[in-house]
Amino acid sequence: MVYYGGMWFEIAGVNETINIVLQPITLLFLRKLEGSEPSIALGIDGKLYLILDESFYEVEAGGVRDVSSLNGRFFYAKNTAVYEIDPFAPVSEV
Amino acid sequence: MLVFGQIEPIGVGNLVPLPKKTARGLEGAVYNQFAERMYRLLPHRSMPKPTLLIDFEEPIQFFYPFIDIDDNLRFTAITEDRRFLSHTKEPQYVLYFNPASNALEYREGFEQGYVVDHTVLSTFVIPSPSTDPTAIATVFLPQGTGRKKVVCAGTLGEGSTLIPLLQYKPKVRRNSAGEIRVRENTSLAPIFDPPYRLIFCYYVETLKERILLPATLSEGRFTRGEVLVQINYSNIPVEARKNVAGVVVIVLWANQTRIMRFIPIDTVGETVIAINQETLADAPSFNFHTANIPYNPRAIKTVGNRTFYFYPNEVRISAIGRMWDIPDDLAPQGVAGGGGIVDVSNALDVLPFGSQFLLLTKQGVYRLKGNGQPFCFRFRPLALLLALLCFPPLLKRRQMEWCITGGCGLR
């Protein structure tokens, strides 16, 4: 099962569409897309993306099995565990 | 120290920018939109570390979040071995009477399994419902040398079992040839004008509620104030009779639909049901949207207090607050807040979009809209098609292919 992720786009002030094919965008092969923007997406290669305002951000490089969203929170499963990722949390320094 | 507009991978969270998007601004200036937006929208310029919430200790294929009665965030999981684990990591089972082995079996082989928050008519709630969450699952059950996918329902928790909701319509006859025999008391004078009809459903009981399985509308019309219903137990295929709890008799008269009686499946002899003004007034009304169970859906998803069932050629949408599919052949009236069938093929997913929904399909994205109401479908295919606005609206075939395949000659 393969579909694409695209962009949200403003048309006459209303967010009405995703995937403007005539614009230079990056199309991803996605297995699953969850949550209205920001969204969490799972690529067919197991990569995890966050989608924020016309841009994709890769969060995990692979090994992700499923993604889900509930009440504005974003979760994903990798190996045997479920994790939460907060796109608006302050950065953690290492 | 990063300069504005500069991109570099940052180790924390493995943030790796994708290929740049560029746009031409005034006088041909090229801007790097990616960097600009990254700076504006992600002021920390890196992803935070993920937080471990639960370790199921088995490789996970799918997981589903839910909020329990105490407002705690919980998860269920389907493992790679097709086990259905609760939030306490307890495996869940389906209690299924297998005709091949002539025995009840606890089975696994789940494809989906999650918790739903829904309401049902008080008629369908059993007197002492379990406080455990309501669970719905799809499971593969044996069928001959193959297998079939069946929806199951029950509660989530230790020792809980799910009940298979088999797609089986009772055969109703006036004589003893049917699985259910129905006749009216012809010694009484006719009192109904127009005549009424009867709807028969098999039903099952979970720890939470009674669930009606696909219904049969009687061909006969009745006018007398008494009908006699007999279950011909041996006429019912063993898989059906061993996996259901009984039969429900519903009266359909004029614009009224009333649930008259639950009859246990092993009842011997005729059950007399009086049908008159008083008994009709006392009987609870029947909501069609609780009637049908989805058959072999590709996927089920609950969004916005509705349940979406994805089929190869259509999407079925439950009424608000209902988890069940809508019936095929009982001709329900579309009402505000009711469910409907959407004729769109190859639907894969649905996203909430304000008071509307976005349907993601292989051929594009559709927006589901209603007529002023959040959702208002009538059972007219043309009207349903009009309710679907395809985006992009003027996409040409070549562009669509490009869009689906990812372009760049990846076809």
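This is a predicted model, so every value here is computed, not measured. (Residues numbered from 1 in each chain as written. Chains lettered and ligands numbered in written order. Predicted model: local features only at pLDDT ≥ 70, side-chain atom pairs only at ≥ 80, totals over all residues. Heavy atoms only, no water.)

Undergrad: Tell me about the overall build of chain A, and please be specific about residues and values.
TA: Tallying secondary structure elements over chain A gives zero helices and 10 strands in all. Reading the helices (α) and strands (β) of chain A from amino to carboxyl end gives β-β-β-β-β-β-β-β-β-β. Out of the 94 residues belonging to chain A, those deemed buried represent 59%. Carbon together with sulfur atoms contributes 54% to the accessible area of chain A, which is approximately 3700 Å² in total. (Helix = DSSP H or I, 4+ residues; strand = E, 2+ residues; numbered from the N terminus. Buried < 20%, exposed > 50% of the residue type's maximum accessible area, 1.4 Å probe, protein only. Areas by Shrake-Rupley, 256 points an atom, 1.4 Å probe, with all protein chains shown as cover.)

Undergrad: Give me the lowdown on the confidence of the model for chain B, citing residues and values where you can.
TA: Residue and element names in this part refer to chain B. Looking at chain B, pLDDT values average 73 and 66% of them are 70 or higher. Low pLDDT, under 50, characterises residues 327–336; the predicted model gives this stretch 20 contacts beyond four residues in sequence or across chains. In the predicted structure, residues 370–411 sits below a pLDDT of 50 and forms 81 contacts with residues beyond four places in sequence or in another chain. Taken over the whole predicted complex, pTM reads 0.66, whereas the ipTM for its chain interfaces reads 0.74. (pLDDT = per-residue confidence, 0-100. Contact = heavy atoms within 4.5 Å.)

Undergrad: Kindly report on the packing of aromatic side chains, identifying the contributing residues and their values.
TA: Here the structure, examined in full by the defined rule, presents 11 aromatic pairs over all chains. Summarising the aromatic geometry, the rings of F75(A) and F75(B) are spaced 5.0 Å apart at their centres and angled 80 degrees between planes, so their arrangement reads as edge-to-face. Placement of F75(A) in strand β9 (residues 73–78) and of F75(B) in strand β6 (residues 73–79) is noted, with the two residues assigned to different chains. Like F75(B), F75(A) is buried. Cluster of aromatic residues (ring-pair linked, three or more members): F192(B), Y196(B), F222(B) and W253(B). (Phe/Tyr/Trp six-rings, centres within 6.5 Å; stacked < 30°, edge-to-face > 60°.)

Undergrad: Give a description of the environment of S69(A) that names residues and reports values.
TA: Residue and element names in this part refer to chain A. Along the chain, S69 falls in strand β8 (residues 64–70). Among all residues touching S69, those that are not within four sequence positions of it are E34, G35 and F74. A distance of 3.2 Å separates a polar atom in the side chain of S69 from the backbone oxygen of R73. (Polar contact = N/O pair within 3.5 Å; in protein donor to acceptor, adjacent residues only side chain to side chain.)

Undergrad: Any chance you could break down the pairing of β8(A) for me, citing the residues and the numbers?
TA: Residue and element names in this part refer to chain A. Among the seven residues of β8, five are classified as buried, and the element is accordingly described as predominantly covered. Pairing of β8 with β9, which is carried by six bridges, proceeds in the antiparallel orientation. Each residue of the ladder has a partner; that of S69, found in β9, is F74. Connecting β8 to the antiparallel partner β9 that follows it, the hairpin turn spans two residues, and N71 within it adopts a positive phi of roughly 50 degrees. (Pairing = 2+ DSSP bridges.)

Undergrad: Kindly report on the environment of Q256(B), identifying the contributing residues and their values.
TA: All names here are of chain B. With respect to the secondary-structure elements, Q256 resides in strand β20 (residues 256–264). On the basis of relative accessibility, which here comes to 25%, the residue Q256 falls in the partly exposed class. In sequence terms Q256 and F286 are 30 residues apart; their C-alpha atoms lie 8.4 Å from each other.

Undergrad: I'd love a proper account of the pattern of salt bridges, names of residues and values included.
TA: Residue and element names in this part refer to chain B. All told, the structure shown has 15 salt bridges over all chains when counted by the stated rule. E57 serves as the salt-bridge partner of K89, at 3.4 Å between the closest nitrogen and oxygen. A residue pair is termed long-range when its members are at least 10 positions apart, and K89 in the loop between β7 (84–85) and β8 (91–98) and E57 in the loop between β4 (51–55) and β5 (60–67) qualify at 32 residues. Accessibility expressed as a relative area gives 60% for E57, which makes it exposed. In this structure, R74 and D68 form a salt bridge, with 3.2 Å as the shortest nitrogen-oxygen distance. We classify R74 as partly exposed; its relative accessible area is 30%. Beyond isolated ion pairs, a larger network of salt bridges with shared partners links E58, R83 and E108. (Salt bridge = Lys/Arg side-chain N within 4 Å of Asp/Glu carboxyl O.)

Undergrad: Lay out the pairing of strand β18 (residues 226–231) of chain B with the relevant residues and their values.
TA: Residues and elements named next belong to chain B. Pairing between strand β15 (residues 180–184) and β18: five bridges, direction antiparallel. Bridge pairing links V182 to V229 in β18. Examined bridge by bridge, β18 and strand β21 (residues 270–274) share five bridges and lie antiparallel to one another. Bridged to V227 within β21 is I273.

Undergrad: Before we move on, can you summarise the sheet that holds strand β17 (residues 210–217) of chain B with the specific residues and values?
TA: Residues and elements named next belong to chain B. If you trace the four strands from one edge of the open sheet to the other, you get β17-β16-β19-β20, paired in antiparallel fashion. Every other strand in the sheet has two partners, leaving β17 and β20 as the edge strands with one partner each. Between one strand and the next, the sheet's axes are offset by a mean angle of 30 degrees, whatever the strand orientation. Examined bridge by bridge, strand β16 (residues 197–205) and β17 share six bridges and lie antiparallel to one another. Counterpart to F200 in the pairing with β17 is T216. (Axes fitted to C-alpha atoms, helices over the stretch in contact; angles between N-to-C directions.)

Undergrad: Describe the side chain of E184(B), listing the residues and the values that go with them.
TA: All names here are of chain B. Inspection of the secondary structure assignment puts E184 in strand β15. For E184, a relative accessible area of 12% gives the class buried. There is a polar contact of 3.0 Å between the side chain of E184 and the backbone nitrogen of R224. Sequence-distant contacts of E184, that is, excluding residues within four places in its chain, are made with F222, T223, R224, E226, V227 and L228.

Undergrad: Mind laying out the nonpolar core, listing which residues take part and the relevant values?
TA: All names here are of chain B. Judged by nonpolar contacts, the single largest core of 55 residues is most densely connected at F110, L162, Y196, L198, F200, V229 and I275. If you tally residues by element for this core, the top one is strand β11 (residues 134–143), at five residues. Excluding its chain neighbours within four sequence positions, the residues that come into contact with Y196 are G220, R221, F222, T223, R224, E226, V227, V251, L252, W253 and I275. (Core = buried A, V, L, I, M, F, W, Y, C linked by side-chain atoms within 4.5 Å.)

Undergrad: If you had to explain the sheet that holds β4(B) to someone new, which residues and values would you point to?
TA: If you walk across this open sheet you meet the four strands as β8(A)-β9(A)-β10(A)-β4(B), and the pairing is antiparallel. One side of each edge strand has no neighbouring strand; the edge strands of this open sheet are β8 of chain A together with β4 of chain B. Neighbour to neighbour, the strand axes of the sheet diverge by 25 degrees on average, direction disregarded.

Undergrad: Just give me the short version of the confidence of the model for chain A, but keep the residues and values in it.
TA: Scored by pLDDT, chain A comes out at a mean of 68, with 56% of its residues at no less than 70. Segment residues 1–26 of chain A: pLDDT under 50, and 74 contacts once partners within four positions in sequence are set aside and those in other chains are kept.

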